[in-house]
Protein chains: 2
Amino acid sequence: MNKLKPRGENDATAVDVTDLILNDIQTGVLAPGSWLKQIDLERRYQCTRPEVRRALDRLAQRRLVEHVPNRGYHVFEPDGRQATEISEIRVLLETGVADKVVANASSLDIQALRSLASRFDRMILEGTPIQLYEANLAFHHRLLSLCGNEELVNLVTEIRQRTSSAPVAQWKTRARIEQSSREHHEMIDAIAAGDAAALRDAITRHIRQN
Amino acid sequence: MNKLKPRGENDATAVDVTDLILNDIQTGVLAPGSWLKQIDLERRYQCTRPEVRRALDRLAQRRLVEHVPNRGYHVFEPDGRQATEISEIRVLLETGVADKVVANASSLDIQALRSLASRFDRMILEGTPIQLYEANLAFHHRLLSLCGNEELVNLVTEIRQRTSSAPVAQWKTRARIEQSSREHHEMIDAIAAGDAAALRDAITRHIRQN
DNA sequence: TTAGCCAAAATTGGCGCCAATTTATGGTAA
DNA sequence: TTACCATAAATTGGCGCCAATTTTGGCTAA
């Protein structure tokens, strides 16, 4: 007798509805401010009512959607103050471990980072906004992982989601995208040179975007 | 016709079950590692099954309890690595805004902090461990609020909960409690003297506890 | 006496129904 | 014509039941 689980025909059902909704919020499919009706979500993601409600509750906990009792849930719109404050938190955390990043980076790591930065550059020309967004995420994740503090990496990825409801739209102009690209390479150069101060500077400008 | 809601005999039912369980975890009533059976919680807090499950799901999201599919939920026990990493995050955040704290602190704020520190001292002698814990929380909350970054204050209170499942037991010895008390006053003195560097130093030692 | 297996009890977790509240609609009176 | 109210439709959210899985207890055989 095999103890293998029966498994429905499609194994891809393993992903949670929460992630699906989250993804649609981040890619801007579900616009900031719009109301999320349970019936619609139920049909859109082919899932049951309780699943939808659990997902909405989770997203409300993460403050990605806002809950108004007896009215429903709508996509959260962070105001300017919150966005600034969250950026400032990121600056503190990411510059705070800059010296660790520099210390831990092997030549192999630097090589990998260059590859990820190039991938970002390529996506500017050839990719969709979502692919660009994901390439950016991958670069930053790899970079930050060098600090050795796993909890910090998790925390930053978590609060990065809070910054903007539709992070795909974070780069308003082509000029800003290319500036981001340059900053990526600047960060790598700073790491390669072992210059933590330069890295901190590049990170700060990159996050504050000015 | 009055449109007042009927309201059950006890209005105190306004609080969420999540907070009740959270409180019992933090005060150590629900010990780290112990299993949280839905039936028990249902009876203990006089609430329904769905309420219990929602609360457990929320606490699992906050990583205060761990969920094992088809097995249940048990109070999370952070290992040494995680505890250290989280402490390091707190050091980065709280020392990072030390200069802001110093800059924004009015003499009235300093007075309030002295009062809260004294309250902590009083609770060492007269209070229960829980009261001591809460006095400590109040002091740190007031201090950190001076940085002006509301999001950061919320984030720190949130991750502080993750540090230890039973934070009441964080002070193992009487000597350590009194050391904490001295550090509190040290922080206030640094703020009063406008010495951000001294404040950073005191905060770092206080969080790392060594 | 001990190891392994089978059955029963307990626990988790998915799903749907129905009441309560809110929003939309249409009709009526000023 | 417009403002207001009452009725109807739609949506949210609470609650309980039952299936699936796991654990426990006891029995049998080596």
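Please read these numbers as outputs of a predicted model, since none were measured by experiment.

Asker: What is the right way to read the environment of tyrosine 133 of chain A from this model?
Answerer: Residues and elements named next belong to chain A. Structurally, the position occupied by tyrosine 133 is in helix 7 (residues 129–145). Note: C-alpha distance between tyrosine 133 and alanine 55 (78 residues apart in sequence) is 23 Å. Residue contacts for tyrosine 133: discarding those within four places in its chain leaves Gln26, Pro167, Val168, Gln170 and Trp171.

Asker: What's the story with the domain arrangement of chain A in this structure? I'm lost.
Answerer: Interfaces are often described in size by the accessible area the parts lose on coming together. Residues and elements named next belong to chain A. Domain annotation of chain A identifies domain 1 (11–75) and domain 2 (80–208). Relative to domain 2, the C-alpha centre of domain 1 lies at a distance of 28 Å. Contact residues are listed per partner, giving ten residues for domain 1 and nine residues for domain 2. When domain 1 packs against domain 2, the two sides together hide about 850 Å² of surface, and 53% of this comes from carbon and sulfur.

Asker: What should I look at first to understand the side chain of arginine 58 of chain A in this one?
Answerer: Within the secondary structure layout, arginine 58 of chain A lies in helix 3 (residues 49–61). Classification of arginine 58 of chain A as buried rests on a relative accessible area of 13%. Once you skip the residues sitting within four places of it in the chain, arginine 58 of chain A turns out to touch Asp16 and Thr18 of chain A together with Asp57 and Gln61 of chain B.

Asker: Which parts of the structure should I look at to understand the relation of the copies chain A and chain B?
Answerer: Each of the two chain copies can be brought onto the other by rotation about an axis and movement along it. Of the two same-sequence chains, chain A is brought onto chain B (RMSD 0.1 Å, axial shift 0.0 Å) by a rotation of 180°. Both chain copies can therefore be described as sitting about a two-fold axis. With an isologous cut-off of 70% or more, the 100% of interface residues of chain A that recur at the interface of chain B puts this contact in the isologous class.

Parameters and conventions
- Residues numbered from 1 in each chain as written.
- Chains lettered and ligands numbered in written order.
- Predicted model: local features only at pLDDT ≥ 70, side-chain atom pairs only at ≥ 80, totals over all residues.
- Heavy atoms only, no water.
- Helix = DSSP H or I, 4+ residues; strand = E, 2+ residues; numbered from the N terminus.
- Contact = heavy atoms within 4.5 Å.
- Domains from an automatic or database assignment.
- Buried area = accessible area lost by both parts, 1.4 Å probe.
- Buried < 20%, exposed > 50% of the residue type's maximum accessible area, 1.4 Å probe, protein only.
- Least-squares fit on C-alpha atoms with pLDDT ≥ 70 in both.

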